[in-house]
Amino acid sequence: MNQMEDRQVIQSYQQNDEIDLKSLLRNMWAVRGPVILAVIIVTLGYWGFWAANQLLAPSPSTYSRVIQFTFEGAEKGEYPNETPFRIADVVSPAVLAQVYEINQLSELGISQANFVQSFNIQPYAPDYNIIVAKYESAMSRKNITGEEINALQANMKSELEQAQGRSALISFKPIKKIRLNENVIDKVLLDVPRLWAEKAINSDGVTNLDVTIYSSKMFDDQRFESLDYMIAMDLVQDNVRLIKSNIEKLLERPNGAVVKDDQSSFGLPDLEKAIDDVVTYDLQQLITPIQDLGVTKNAEIVKLYYQGEMRKVEQERQFELDQAELIRETLSQYGQNLAGDRSAGGSGAVAGSPQLGDEFLDRVIDLTQKGADMEYRQSLTDKILEHRQNAAELKYKLEQMQVVLNAVSSKQEKSESEERYIELLEKSFPAILGKLRDYVDITNRIYLKLGKENYGYSGMLYKVGGSDELKIKGAAVSKREILIFVLLMFVAFFGTLVTAMMIRWLKRAD
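Definitions and cut-offs
Residues numbered from 1 in each chain as written. Predicted model: local features only at pLDDT ≥ 70, side-chain atom pairs only at ≥ 80, totals over all residues. Heavy atoms only, no water. Helix = DSSP H or I, 4+ residues; strand = E, 2+ residues; numbered from the N terminus. Buried < 20%, exposed > 50% of the residue type's maximum accessible area, 1.4 Å probe, protein only. Contact = heavy atoms within 4.5 Å. Areas by Shrake-Rupley, 256 points an atom, 1.4 Å probe, with all protein chains shown as cover. 1 Å grid on protein atoms, 1.4 Å probe; cavity = no way out; pocket = protein on both sides within 12 Å on 5 of 7 lines; lining within 4 Å. Points joined across faces, edges and corners; volume = space filled by probe spheres on them. Nonpolar A, V, L, I, M, F, W, Y, C, P; charged D, E, K, R; others polar. Pairing = 2+ DSSP bridges. Axes fitted to C-alpha atoms, helices over the stretch in contact; angles between N-to-C directions. Parallel < 35°, antiparallel > 145°, perpendicular 65-115°, else oblique. Left-handed = near helix turned anticlockwise from the far one by under 90°. Core = buried A, V, L, I, M, F, W, Y, C linked by side-chain atoms within 4.5 Å. Phe/Tyr/Trp six-rings, centres within 6.5 Å; stacked < 30°, edge-to-face > 60°.

**Regarding the overall build of the chain**
Along the backbone of the chain there are 14 helices and five strands. The proportion of buried residues among the 510 residues of the chain is 33%. For the chain, restricting intrachain contacts to residue pairs at least 6 apart in sequence, the fraction spanning at least 24 positions comes to 84%. Carbon and sulfur atoms make up 53% of the accessible area of the chain, which totals about 32100 Å².

**Regarding the layout of surface pockets**
As a volume, the largest pocket reaches approximately 570 Å³. Lining the largest pocket are 22 residues, and of these Asp234, Gln237, Asp238, Arg241 and Lys397 lie nearest its centre. Secondary-structure elements contributing two or more residues to the lining of the largest pocket are helix 9 (229–251), helix 10 (268–293), helix 11 (299–352) and helix 12 (358–410). Residues that form the lining of the largest pocket fall into these classes: 10 nonpolar, four polar and eight charged.

**Considering the pairing of strand 3 (residues 167–172)**
Of all six residues making up strand 3, six are buried, and the element is well covered by its neighbours. Burial along strand 3 is two-sided: the face carrying Ser167, Leu169 and Ser171 and the face carrying Ala168, Ile170 and Phe172 are both buried. Where strand 1 (residues 62–69) meets strand 3, six bridges bridge the pair, whose relative direction is antiparallel. Residue pairing across strands places Arg65 opposite Ile170, the latter belonging to strand 3.

**Brief notes about the packing of helix 3 (residues 93–102) against helix 7 (residues 182–203)**
Axis separation between helix 3 and helix 7 bottoms out at 9 Å; the angle between their running directions is 125°. Relative to helix 7, the element helix 3 is oriented oblique. For the pair helix 3 and helix 7, the sense of crossing is right-handed. Here Ala94, Val95, Leu96, Gln98, Val99 and Ile102 of helix 3 lie close against helix 7, whose contacting residues are Val188, Asp191, Val192, Arg194, Leu195, Trp196 and Lys199. Of the residues belonging to the contact of helix 3 with helix 7, the class tally is nine nonpolar, one polar and three charged.

**Considerations on the nonpolar core**
If you look at the biggest cluster of nonpolar residues, it comprises 49 residues, and the most contacted ones within it are Phe219, Met233, Val236, Phe429, Leu436 and Tyr439. Elements supplying a minimum of two residues to this core: helix 9, helix 10, helix 11, helix 12 and helix 13 (416–455). Sorting elements by how many residues they give to this core places helix 13 first, with 12 residues. Apart from the residues lying within four places of it in its own chain, the contact partners of Phe219 are Phe224, Val236, Asn239, Val240, Ile243, Leu433, Leu436, Arg437 and Val440. Formed by 35 residues, the second largest nonpolar core is a distinct cluster that contains Ile87, Ile110, Phe119 and Leu189.

**What to know about empty space enclosed by the protein**
In this approach the atoms are scanned with a rolling probe the size of a water molecule, which exposes any empty space left behind. Inspection of the entire model under this criterion finds three cavities of 30 Å³ or more. One number sums up the size of the largest cavity: a volume of about 50 Å³. Lining the largest cavity are Met230, Met233, Asp234, Gln237, Ile287, Ile290, Gln291, Tyr306 and Val404. Among the elements of the structure, helix 9 and helix 10 are those that each provide at least two residues to the lining of the largest cavity. Here the lining of the largest cavity is built from residues that sort into six nonpolar, two polar and one charged. Of the volumes computed, that of the second largest cavity is approximately 40 Å³. Lining the second largest cavity, in full, are Gln285, Leu286, Pro289, Ile290, Val295, Tyr421, Ile422, Leu424 and Leu425.

**Overview of the environment of Ile446**
With respect to the helices and strands, Ile446 occurs in helix 13. Among the residues examined, Ile446 registers a relative accessible area of 0% and is labelled buried. Ile446 sits 178 residues away from Leu268 along the chain, and the two C-alpha atoms are 7.8 Å apart.

**Considerations on the packing of helix 9 against helix 10**
Axis separation between helix 9 and helix 10 bottoms out at 11 Å; the angle between their running directions is 165°. Put simply, helix 9 runs roughly antiparallel to helix 10. Where helix 9 crosses over helix 10, the handedness of that crossing is left-handed. Side by side, helix 9 and helix 10 meet where Tyr229, Met230, Met233, Val236, Gln237, Val240, Ile243, Lys244, Ile247, Glu248, Leu250 and Leu251 of the first sit next to Leu268, Pro269, Leu271, Glu272, Ile275, Asp276, Val279, Leu283, Leu286, Ile287, Ile290 and Gln291 of the second. Classifying every residue of the contact of helix 9 with helix 10 gives 18 nonpolar, two polar and four charged.

**Details of unusual backbone geometry**
Positive phi is not limited to glycine here, since Gln104 has a value of about 50°. Looking at where Gln104 falls in the secondary structure, it is placed in the loop between helix 3 and helix 4 (112–117). The phi torsion at Ser265 lies on the positive side, around 65°, for a residue other than glycine.

**Some thoughts on the packing of aromatic side chains**
Following the criterion strictly, the structure yields 17 aromatic pairs and no others. Summarising the aromatic geometry, the rings of Phe69 and Trp196 are spaced 5.8 Å apart at their centres and angled 75° between planes, so their arrangement reads as edge-to-face. Of this pair, Phe69 sits in strand 1 while Trp196 is found in helix 7, placing the two residues 127 residues apart along the sequence. Overall, Phe69 belongs to the buried group, its relative accessible area being 3%. Taking relative accessible area as the criterion, Trp196 reaches 3% and is therefore assigned buried. Judged by centre distance (5.9 Å) and plane angle (50°), the rings of Phe115 and Phe172 are tilted.

Dropping the structure here:
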């Protein structure tokens, strides 16, 4: 009996729950109108307020341009001359101040501080998604090991860093006080990398080659007029050797043999030949009679000069000979020591390995020592020859200086031919110096052009990448604004639902 009663109670509870749930749903459906109306009012009100706020005080769009760095070392953070490079250099305050001035933005009522704050730059990898997809595909292979995954991840990181180091995204997001049309903004974004590259190349010299370069002032007329004829000739020849050394170093650079000077159409090989012609013909026809006749402005000064120079040259020659002798003794001692070591090593090997014959062990020792031994001996021999060759050149220089000194010392009075040579010298020498100055200027222009061609893009350090059109990113709804909208919808829905149901219940209760 008790069990029957319990079943009836349970069934009664279940019937009441079903009735209550149905009743609740009916009540909710009955107040659907106010709830839907509340949701519509909240939606229209919130987004209407957001739109009105955008119209009255619009959030500025972000304008951007992609640039690609064209010089070697950009991905390593180095300019061509190996000075540090950062992409932030492109939008440095100095560059942006210049952009601000040339676009006359002060006349539009825009402050320089606000203008500078509107810029941003960040690394950019146009192939980012392709690179990531490539490595993700490789890492998704079956039976791939953990070590292979780590290696692929490291390679992907390295490739992405290199890709991002070659390009950058320059962005301009004007603050609300700045009002500029898109054409002006696009020009500003293109002016930024252009002025940065011009400043880096022309002011900072980041594309200059690692070559010591001399100016045309080394052939200044006034400098040579203050010297005696023979001393001036020596100085010209010394300076010419320096210029030719510059040309030889530039010829070793990529494109060194083919680059041309825009003004003269000279290449480096043409320039080298032209300088040789000046020295061999123009200058030599002045040097020979001066040396043979002992032509001077002041004989005593010339004697003292050459006597002092000869002492220096003789000391240099003796030093070269001493160096050669020291190396020769080292080579001889090395040969003696090596012979003793081989003899001792051979005996020891035989004693320790009686099963091997003397002939076999000697061949083994020779094979293991021959390569390093011959290389070391050859290097010492080359150094001996180098020092002896230097000593021979200095000896020839001494003999030439002695000829000049003898000519000056034995000269009695000025002859008629000497007067003619002095007149020819004073007329021709300035013209020779002028030619050499022109050739030095050509060398410098080729030097600058060669640096730009090797390290820049049409004389720049970058090129505009991606589309030729300005990229514009409009104002988007923020996550915060969406979250606020969701919360308002929740409150409006349940608040209206509960309120409407209570009002309906109270009316039915009355």
